[in-house]
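Structural features, examined
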Amino acid sequence: MKVSIIIPVYNVAPYIRRCLDSVAAQTYTGDMECLLIDDCGTDDSINIAKQWIEGYNGNIHFTIFYHSKNQGLSAARNTGIEVASGDYIYFLDSDDAITPNCIKTLVKLADKYPEADFVQGRTADGIQGTVSHYFNFNLPEYVADSVLIDKLLFMHTMPSAWNKLMKVSFIKAERLYFPIGILHEDVYWTFFLAKHTRKAAFTNEGTYCYYANENSVMHNQSDANMQKRAIGYQVSINAFVKDILQNGATSKYQRQFVGDAILNHLYHIASCRSLSLWFQFWQHMIFLAFKAKHKFSLYSLILFLATMPPFCLFIKFNWWRWRVRRFVIPHV
């Protein structure tokens, strides 16, 4: 089995060596390639990576692919999908790392369950500087039920592309590409991953080292960045609603995922203080309520009212968001 590790590279000079060192340290002895996608950063990241590759002496084939201009994380991942020659793809963010047994553990699971569309591990715990996302839930080893897959991907794991070993044939057949030009692309992508996944396998072993990078775009709290994040959620929610209205049946976990996306979207709108985005949001929610009025439950009605003035003005307060998440969204 050949594995293609895809690493988008953009302004990660302090972290890229750590990332590449973790790939080189893999105990998996099978065929493996590592594809670095240069997304035209403004620091010395790609030169550091070049120097590292020149000094590498091992069995993994490292290749750098270059974008002509900065296009964002989604475009870099899409490029990786197109140029990968492996049977399976593994996405790794360049400011993170993987444990030495990561690929070996996931390949062993994929060999055990060859019908699984993807296999997934947990984030590693107890490593200095990392953030654990364990959710206090033991993942089942094999799942072939679509509702349970929704529950695991939406409720019990991070909505992320990383830490999943995925069949290339599955990704291309279902066209699971990333939306270009938005933030929170993993939220968008996870919705459609869950929709198309028929079978999946999981390990409770920590395989991914998720580091807290305070300089990342996800930690940038400027008005401009919060507006970009709000727009990213808006694009995702529009796609979710369109898909649900076209296809009808949904699981409760899918509806909860959309409800939580709506709440996060509202929070980012409040944070960036954009009246135009407020107007677009309310306009969209009223349209959604009109289209889905015959499907309203008591709790979905409460969620709708919670997004309208004056209640939405409290969205920045944790006690308000927590109550909506805890008492309303699980019933939507």
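Quick look at the structure, then.

Cut-offs and rules
Residues numbered from 1 in each chain as written. Predicted model: local features only at pLDDT ≥ 70, side-chain atom pairs only at ≥ 80, totals over all residues. Heavy atoms only, no water. Helix = DSSP H or I, 4+ residues; strand = E, 2+ residues; numbered from the N terminus. Rg over C-alpha atoms; globule rule 2.2 N^0.38 Å. Buried < 20%, exposed > 50% of the residue type's maximum accessible area, 1.4 Å probe, protein only. Contact = heavy atoms within 4.5 Å. Areas by Shrake-Rupley, 256 points an atom, 1.4 Å probe, with all protein chains shown as cover. Lys, Arg positive; Asp, Glu negative; His and termini not counted. Charge placed at Lys NZ, Arg CZ, Asp CG, Glu CD. Axes fitted to C-alpha atoms, helices over the stretch in contact; angles between N-to-C directions. Parallel < 35°, antiparallel > 145°, perpendicular 65-115°, else oblique. Left-handed = near helix turned anticlockwise from the far one by under 90°. Nonpolar A, V, L, I, M, F, W, Y, C, P; charged D, E, K, R; others polar. Polar contact = N/O pair within 3.5 Å; in protein donor to acceptor, adjacent residues only side chain to side chain. Pairing = 2+ DSSP bridges. Phe/Tyr/Trp six-rings, centres within 6.5 Å; stacked < 30°, edge-to-face > 60°. Core = buried A, V, L, I, M, F, W, Y, C linked by side-chain atoms within 4.5 Å. Patch = residues over 30% accessible without salt bridge, like charges linked within 9 Å, V, L, I, M, F, W, Y side chains within 5 Å. Salt bridge = Lys/Arg side-chain N within 4 Å of Asp/Glu carboxyl O.

Section: the overall build of the protein
The helix and strand inventory of the protein stands at 12 helices and nine strands. Computed over C-alpha atoms, the radius of gyration of the protein comes to 20 Å, within 12% of the 20 Å expected from 2.2 N^0.38 for 332 residues, which places it in the range of a compact globule. Taking the principal axes of its C-alpha atoms as reference, the protein extends roughly 60 × 45 × 35 Å. Burial statistics for the protein: of 332 residues in total, 54% are counted as buried. Excluding contacts between residues fewer than 6 apart, the proportion of contacts in the protein whose partners are at least 24 apart in sequence is 81%. Here the protein has roughly 15400 Å² of accessible surface; of this, 54% comes from carbon and sulfur atoms. For the protein, the distance from the average site of its 32 positive side-chain charges to the average site of its 28 negative ones is 10 Å.

Focus on the packing of helix H8 (residues 223-247) against helix H9 (residues 252-272)
H9 packs onto H8 with a crossing angle of 155 degrees between their chain directions and a minimal axis gap of 8 Å. Considering the angle they form, H8 stands roughly antiparallel to H9. In this structure, H8 meets H9 at a crossing whose hand is left-handed. Packed against H8, whose contacting residues are Asp223, Met226, Gln227, Arg229, Ala230, Tyr233, Gln234, Ile237, Phe240 and Ile244, the element H9 presents Gln254, Phe257, Val258, Ala261, Ile262, Asn264, His265, Tyr267, His268, Ile269, Ser271 and Cys272 at the interface. Here the residues of the contact of H8 with H9 are counted per class, giving 13 nonpolar, seven polar and two charged.

Some thoughts on helix H5 (residues 146-156)
Every buried residue of H5 is accounted for by Ile149, Asp150, Leu152, Leu153, Phe154 and His156. Among the structural elements, strand S6 (118-123), strand S7 (142-143), strand S8 (164-167), helix H7 (185-196), strand S9 (200-209) and H9 are those in contact with the buried residues of H5. Between a side-chain oxygen at the N-terminus of H5 and the backbone nitrogen of Val147 the separation is 3.2 Å; the capping residue is Asp145.

Describing the pairing of strand S4 (residues 88-91)
Two faces, one strand: in a regular strand the side chains alternate between the faces of the sheet. Covered by surrounding structure in S4 are Tyr88 and Tyr90 together with Ile89 and Phe91, the residues of both alternating faces. Pairing between strand S1 (residues 3-9) and S4: four bridges, direction parallel. Its bridge partner being in S4, Ile6 is matched across the sheet by Phe91. Where S4 and S8 come together, three bridges link them in antiparallel fashion. When the sheet's bridge partners are listed, Ile89 is paired in S8 with Met166.

Digging into the packing of aromatic side chains
Inspection of the entire model under this criterion finds 25 aromatic pairs. With a centroid separation of 5.1 Å and an interplanar angle of 65 degrees, the aromatic rings of Trp52 and Phe62 are classed as edge-to-face. Taken together, the residues span a long stretch of sequence, with Trp52 in helix H2 (residues 45-54) and Phe62 in strand S3 (residues 61-66) at a distance of 10 residues. Note on Tyr113 and Tyr142: the rings are 4.7 Å apart at their centroids and 10 degrees apart in plane angle, and the pair reads as stacked. Of this pair, Tyr113 sits in the loop between helix H4 (102-112) and S6 while Tyr142 sits in strand S7, and the two are 29 residues apart along the sequence.

Considerations on the nonpolar core
Of all hydrophobic cores here, the largest spans 64 residues; its most connected members are Ile89, Phe91, Phe191, Phe240 and Val324. Ranked by residue count, the leading element in this core is H9, at 10 residues. In this structure, Tyr28, Ile60, Val119 and Ala201 belong to the second largest nonpolar core, which totals 40 residues.

Let's talk about the environment of Gly41
Assignment of secondary structure puts Gly41 in the loop between strand S2 (32-38) and H2. For the pair Gly41 and Asn70, spaced 29 residues apart in sequence, the C-alpha to C-alpha distance is 7.1 Å. Excluding residues within four positions of it along the chain, Gly41 makes contact with Tyr10 and Asn11.

Some words on the environment of Cys102
Topologically, Cys102 is positioned in helix H4. On the basis of relative accessibility, which here comes to 0%, the residue Cys102 falls in the buried class. Separated by 77 residues in the primary sequence, Cys102 and Pro179 place their C-alpha atoms 27 Å from one another. Ignoring any residue separated from it by four or fewer positions in sequence, one finds Cys102 in contact with Gln26, Tyr90 and Thr207.

Quick word on a nonpolar patch on the surface
Residues Phe296, Leu301, Leu305 and Phe311 make up a contiguous nonpolar surface patch of about 330 Å² in total accessible area. Here Phe296 shows up in the loop between helix H10 (275-291) and helix H11 (298-306).

Some thoughts on the side chain of Ser300
Turning to its location among the elements, Ser300 is positioned in helix H11. On the accessibility criterion, Ser300 (13% relative accessible area) is buried. Polar side-chain contacts of Ser300 include one of 2.7 Å to the backbone nitrogen of Ser297.

Any functional reading would require information that these geometric values do not contain.
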